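Chain residues, written in single-letter form:
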Amino acid sequence: MTLKNFLFTSESVTEGHPDKVCDQISDAILDEFLTKDSKSRVAAETTVTTGMALVCGEITSNCYVDIPTVVRNTIKSIGYNGEEGGGFDYKTCAVLTSIDEQSTDIAGGVNKALETRNDNADVSKDETLDIGAGDQGIMFGYACDETPELMPLPIALAHKLAYKLAEIRKQRRVNYLRPDGKSQVTVEYVDGKPKRIDTIVISTQHDPIVNGVEDNQKIQEIIRKDMIELVIKPVFEGYEVKPDETTKYLINPSGRFVIGGPQGDAGLTGRKIIVDTYGGYSRHGGGAFSGKDPTKVDRSAAYAARWVAKNIVKAGLAQKCEIELAYAIGQAQPVSVLVDTFDTGKINDEELSKIVVEAFDLRPAAIIREFDLRNLPAKNGGKFYQKLAAYGHVGREDFFVPWEQTNMAEELAKKANV
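Owing to the predicted nature of the structure, the values given are computational and were not obtained by experimental measurement.

Criteria and cut-off values
Residues numbered from 1 in each chain as written. Predicted model: local features only at pLDDT ≥ 70, side-chain atom pairs only at ≥ 80, totals over all residues. Heavy atoms only, no water. Helix = DSSP H or I, 4+ residues; strand = E, 2+ residues; numbered from the N terminus. Expected span 1.5 Å × (residues − 1). Buried < 20%, exposed > 50% of the residue type's maximum accessible area, 1.4 Å probe, protein only. Pairing = 2+ DSSP bridges. Axes fitted to C-alpha atoms, helices over the stretch in contact; angles between N-to-C directions. Contact = heavy atoms within 4.5 Å. Phe/Tyr/Trp six-rings, centres within 6.5 Å; stacked < 30°, edge-to-face > 60°. Patch = residues over 30% accessible without salt bridge, like charges linked within 9 Å, V, L, I, M, F, W, Y side chains within 5 Å. Areas by Shrake-Rupley, 256 points an atom, 1.4 Å probe, with all protein chains shown as cover. Salt bridge = Lys/Arg side-chain N within 4 Å of Asp/Glu carboxyl O. Lys, Arg positive; Asp, Glu negative; His and termini not counted. Charge placed at Lys NZ, Arg CZ, Asp CG, Glu CD. Parallel < 35°, antiparallel > 145°, perpendicular 65-115°, else oblique. Left-handed = near helix turned anticlockwise from the far one by under 90°. Nonpolar A, V, L, I, M, F, W, Y, C, P; charged D, E, K, R; others polar. Core = buried A, V, L, I, M, F, W, Y, C linked by side-chain atoms within 4.5 Å.

Caption draft 1: Examining unusual backbone geometry more closely. Positive phi values are uncommon outside glycine, yet Leu150 reaches one of about 60°. Phi at Arg172 is positive, roughly 60°, even though this residue is not glycine.

Printed below as a string of structure tokens:
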């Protein structure tokens, strides 16, 4: 049974959240390797805690990257610079590395798709597309017509609130904010459509003394007023669904948030996969994105699935659409492609699945070529994946992201005779 009337909540976090610090470090390392050697194989994992950052994983490349310098520069760009950053300091934290080369067993199936060795396989004549998937797994992509960027409203709002929170900190519009922070939005749906904003939560790390005030209750009042006026109200100016007189505002509900970031909690790459995608509104295959080069289908195929779903919705073939892709390590072609339009499709899902298979080449190398995934860092001044590592890998409008294009919508509409 499909729910019609319900509350749905999604959260986002700022770039100073310890898990997001790790995601950005891992992707900054990936950016650096791909900028210098576009065929680098990278699987970089990061963990941070009080006074320390550890990078481990498997990297094979023809270039040298000074990983500790990349780590420190990333931490600095986030805002962790000693006392002002809440205790964690890019200059003095220990940076440890433990890097091996990619397994030759994995490389054997990725460099040359295993199905090309099967005489009965339908193999492309384009040998450059015959690399295999870097691992098995399932990936989901989603789109819906709730926002202009075709994202679910709760996660779209949560991201914009977190982004605005970081923006006013960096612009020094208030002088007490520190890098760590979270946002959360609860939307009330009526007849399956967003109707009103039920609850907004913002938790932001702050200095122990705010505007010269030391009393905790008064500090809470100052932060509450500033967050509503400088963060929440500007974000909702562009939306039809807005807070009303019954909307609940929970600003720093724990009462005090001075100790944060890696000093307050350990962080780990890949621990915010729901924040990275659809805020829980769609299913997730479980694979993280950050620190992985494009041969890892956890990343590239999830981007492709978003592209397919978004083009289906943009084409007017459905109001909401979820795509599931599945791969086997060393195999180029997906082992399954599933389309689910949740009874909103103009044609049945089985027919739409066939159109998708016909219209989209979903082999890993074809996805890499379509989005130019190996060259995006070099084309963006050495920083592309790091920018994705905070505020979502999908639904982005603040810079060009190739899988957000709707360049296939017209073709899909024609194939569906709609």
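Caption draft 2: Here's a closer look at helix 1 (residues 18–36). For helix 1, built from 19 residues, the straight-helix expectation of 27 Å at 1.5 Å per residue is met to within 8% by its first-to-last C-alpha distance of 28 Å. The buried fraction of helix 1 amounts to 16 of the 19 residues, a majority that puts the element mostly inside the structure.

Caption draft 3: Spatial organisation of the sheet that holds strand 5 (residues 137–144). The strand order 5-10-11 describes an open sheet built from three strands, whose pairing is antiparallel. Of all strands in the sheet, those bounded by a partner on one side alone are strand 5 and strand 11 (336–340). Across the sheet, the mean angle separating the axes of adjacent strands is 15° when strand polarity is ignored. Here strand 10 (residues 320–327) pairs with strand 11 via five bridges, running antiparallel. Bridged to Ile323 within strand 11 is Val339. The sheet contacts of helix 8 (residues 297–314) involve strand 5, strand 10 and strand 11, and relative to strand 5 the element is tilted by about 30°.

Caption draft 4: Layout of the packing of aromatic side chains. If you walk through the whole model with that rule in mind, you get 16 aromatic pairs. Centroid distance Tyr142 to Tyr278: 5.9 Å. Interplanar angle 70°. Geometry classified as edge-to-face. Residue Tyr142 is located in strand 5, and its partner Tyr278 is located in the loop between helix 7 (273–276) and helix 8; the two are separated by 136 residues in the primary sequence. Tyr278 sits in the buried class, given a relative accessible area of 2%.

Caption draft 5: Fine view of a negative patch on the surface. Negative charge collects at one region of the surface, where Glu45, Glu58, Asp100 and Glu101 lie side by side. With respect to the helices and strands, the residue Asp100 is situated in strand 4 (residues 94–100).

Caption draft 6: How the structure looks around the sheet that holds strand 3 (residues 52–60). Taking strand neighbours across the sheet as the criterion, the four strands line up as 4-3-2-9 in an open arrangement whose pairing is mixed. Where the open sheet ends on each side, the last strands, each with one partner, are strand 4 and strand 9 (267–268). Strand direction decides the pairing type here: strand 3 and strand 4, joined by seven bridges, are parallel. What sits directly across from Gly57, in strand 4, is Ile99. Against the sheet, helix 1 makes contact with strand 2 (41–49), strand 3 and strand 9, and its axis sits at roughly 150° relative to strand 2, the strand it touches most. Contacting strand 3 and strand 4, helix 2 (residues 67–78) runs over the sheet at an angle of about 130° to strand 4.

Caption draft 7: Expanded view of helix 8. Between its terminal C-alpha atoms helix 8 stretches 24 Å, which fits the 26 Å expected from 18 residues at 1.5 Å a residue. Within helix 8, 17 of the 18 residues are buried, which leaves the element mostly enclosed by the surrounding structure. Gly316, located one to two residues past helix 8, shows a positive phi value of around 80°.

Caption draft 8: Highlighting the pairing of strand 7 (residues 193–206). Across the 14 residues that make up strand 7, a large majority, 12, are buried. Here strand 6 (residues 177–190) pairs with strand 7 via 11 bridges, running antiparallel. Each residue of the ladder has a partner; that of Val190, found in strand 7, is Lys193. The hairpin turn running from strand 6 into strand 7, its antiparallel successor, is two residues long, and Asp191 in that turn takes a positive phi close to 55°.

Caption draft 9: Inspection of the packing of helix 4 (residues 153–170) against helix 5 (residues 216–236) at higher detail. Running from amino to carboxyl end, helix 4 crosses helix 5 at an angle of 135°, the nearest separation of the two axes being 9 Å. As summarised for this structure, helix 4 and helix 5 are arranged oblique, according to the angle between their axes. Where helix 4 crosses over helix 5, the two elements pack in a sense that is right-handed. Facing Leu157, Lys160, Leu161, Lys164, Leu165 and Ile168 of helix 4, the residues of helix 5 in contact are Met227, Leu230, Val231, Ile232, Pro234, Val235 and Phe236. Grouping the constituent residues of the contact of helix 4 with helix 5 by class yields 11 nonpolar, no polar and two charged.

Caption draft 10: Main features of the nonpolar core. One finds Ile29, Met227, Ile312 and Trp403 to be the most contacted residues of the largest nonpolar core, which totals 111 residues. If one sorts the elements of this core by residue count, helix 8 sits on top with 11 residues. Look past the residues within four positions of Ile29 in its chain and what remains in contact with it is Ala44, Val55, Ile59, Ile67, Val70 and Val71.

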